[in-house]
Amino acid sequence: MPQNPTTQPDTPAVSLAGTAKAFGAVRAVDSVDLDIRRGETVALLGRNGAGKSTAISLMLGLDTPDAGRVSLFGRAPAQAVAAGRVGAMLQDGRPIPRVTVRELVTFVASTYPRPLPVAEALELAGLTELADRRADKLSGGQVQRVRFAVALAGNPELIVLDEPTAALDVEARHAFWVSMRIYASRGNTILFSTHYLEEADSNADRIVVIDHGRIVADGSGERIKSAVGGSLVAFDLAGRGTEGLGLLPGVSSVEIRGDRARLRTDDSDATVVELARLGAIRGLEVAPATLEDAFLALTSRPAPLKESV
């Protein structure tokens, strides 16, 4: 249920319009336009230095844009945060020493107008059994779960997660996303950045790829993969040379890994037929484009040239 009934229900949870932020000569966020609807789960992907963390800082009101605007639920980020509508899980920050996990989450919850019950926040974060342990005596993965509980404590309508599963093992990562889906199913909005592309593909309704401070792709995982296009055809070279592989029908790129060739092709049938004619079909593998393929294709391009002003 919305915490602020005066806000129009069609107002985006997050809105960036012409938003820009530079650090010296580096344009970390470059005239970005982005709306995130309420109830969406959105993954923000990009290489290190692409502008993800700066964009998140602008959304949370931790930094101010040089141009354009940022709003959360139609309000300035600081106002939305103060109203308890936003929770965040960032990578930096250390637990307060000499307090238990329960004490920490209880304190944070007490600062919000409509907090989530502490027991529920602890359960969603997988911390029930660790609730009476000192927060500063936990492992890295356990501290990450404490950050998650703190982000949930205010019962926010929007939760922003910067690399939320860093330092978590496979089992803990799975449990985290189960909890996240439960929280999203209540109509809450989730925005997360991650380097685990399979997490984005499996858990996001929508994926936004940022590169050189600009959005280069925005859509479902399937849409982004299909937009990049093509399939992967891989086979063993078995001592054969690599000359002419880029000239095969449909082939747009060639990658050699040891004795194995990987061809990106827009017509896998034609490529395979020609490979068969050449007798180069040992260890043949044909697979559709993955999100990793799409991500690499989208973020391997040089920075766009800026016009003189």
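Please refer to the structure placed before this passage.
A quick note: this is a predicted structure, and the numbers were derived from the prediction, not measured. (Residues numbered from 1 in each chain as written. Predicted model: local features only at pLDDT ≥ 70, side-chain atom pairs only at ≥ 80, totals over all residues. Heavy atoms only, no water.)

Draft legend 1. Highlighting the pattern of salt bridges. A full pass over the atoms with the stated rule returns 21 salt bridges. In this structure, Arg-173 and Glu-198 form a salt bridge, with 3.0 Å as the shortest nitrogen-oxygen distance. Placement of Arg-173 in helix H6 (residues 170-184) and of Glu-198 in helix H7 (residues 197-203) is noted, with a sequence separation of 25 residues between them. Taken together, the salt bridges that share partners define one network made up of Arg-37, Glu-40, Arg-206 and Asp-218. (Salt bridge = Lys/Arg side-chain N within 4 Å of Asp/Glu carboxyl O. Helix = DSSP H or I, 4+ residues; strand = E, 2+ residues; numbered from the N terminus.)

Draft legend 2. Quick look at a nonpolar patch on the surface. A grouping of Ile-281, Leu-284 and Val-286 is seen on the molecular surface, where their side chains present a nonpolar patch of about 230 Å² in accessible area. Within the fold, Leu-284 resides in the loop between helix H9 (268-278) and strand E13 (285-288). Classification of Leu-284 by relative accessible area gives partly exposed; the value is 35%. (Patch = residues over 30% accessible without salt bridge, like charges linked within 9 Å, V, L, I, M, F, W, Y side chains within 5 Å. Areas by Shrake-Rupley, 256 points an atom, 1.4 Å probe, with all protein chains shown as cover. Buried < 20%, exposed > 50% of the residue type's maximum accessible area, 1.4 Å probe, protein only.)

Draft legend 3. Representation of helix H3 (residues 101-110) in the model. When H3 is considered as a whole, its buried residues turn out to be Val-101, Leu-104, Val-105, Val-108 and Ala-109. The buried residues of H3 occupy one face: seen down the axis, they fall within an arc of 130 degrees. Residues of H3 that are exposed and point more than 90 degrees away from the buried face comprise Phe-107 and Ser-110. Against helix H4 (118-124) and helix H5 (140-152) lie the buried residues of H3. (Arc of directions from axis to C-beta. Contact = heavy atoms within 4.5 Å.)

Draft legend 4. Quick peek at the sheet that holds strand E4 (residues 67-72). Read across the sheet, three strands follow the order E2-E1-E4 without closing on themselves; strand pairing throughout is antiparallel. Edge strands, defined here as strands with exactly one partner in the open sheet, are strand E2 (26-36) and E4. Across the sheet, the mean angle separating the axes of adjacent strands is 25 degrees when strand polarity is ignored. Note that strand E1 (residues 14-23) and E2 share seven bridges and pair antiparallel. When the sheet's bridge partners are listed, Ser-15 is paired in E2 with Asp-35. Strands in contact with helix H1 (residues 52-59) are E1, E2 and E4; relative to E1, the strand with the most contacts, it is inclined by about 120 degrees. (Pairing = 2+ DSSP bridges. Axes fitted to C-alpha atoms, helices over the stretch in contact; angles between N-to-C directions.)

Draft legend 5. How the structure looks around the pairing of E1. The pairing of E1 with E4 spans five bridges and is classified as antiparallel. Its bridge partner being in E4, Val-14 is matched across the sheet by Leu-72. Hairpin connection between E1 and E2: a loop of two residues separates the two successive antiparallel strands, and Gly-24 in this loop has a positive phi of roughly 65 degrees.

Draft legend 6. Looking closely at the side chain of Ser-15. Locating Ser-15 in the fold gives a position in strand E1. The exposure class of Ser-15 is buried, given its relative accessible area of 7%. The contact partners of Ser-15, leaving out residues within four places of it in the chain, are Leu-34, Asp-35, Arg-69, Val-70 and Ser-71.

Draft legend 7. Quick look at the sheet that holds strand E6 (residues 158-162). Across the sheet, six strands lie side by side as E5-E6-E7-E3-E8-E9; this open sheet has mixed pairing. For this open sheet the edge positions go to strand E5 (86-89) and strand E9 (214-219), each flanked by a neighbour on one side alone. Shown here is a sheet whose adjacent strand axes are inclined to one another by a mean of 15 degrees, direction ignored. As judged from the four bridges shared by strand E3 (residues 41-45) and strand E7 (residues 189-193), these two strands associate in the parallel manner. Looking at the pairing, Thr-41 lines up with Ile-190 of E7. Those strands touched by H5 are E5 and E6, and its axis lies near 170 degrees from that of E5.

Draft legend 8. The packing of helix H8 (residues 221-228) against helix H10 (residues 291-299), seen in detail. Running from N to C, H8 and H10 point in directions that differ by 60 degrees, and their axes come no closer than 9 Å. The angle between H8 and H10 places the two elements in the oblique class. Both H8 and H10 take part in a crossing whose hand is left-handed. Facing Ile-224, Lys-225 and Val-228 of H8, the residues of H10 in contact are Leu-291, Ala-294, Ala-297 and Leu-298. (Parallel < 35°, antiparallel > 145°, perpendicular 65-115°, else oblique. Left-handed = near helix turned anticlockwise from the far one by under 90°.)

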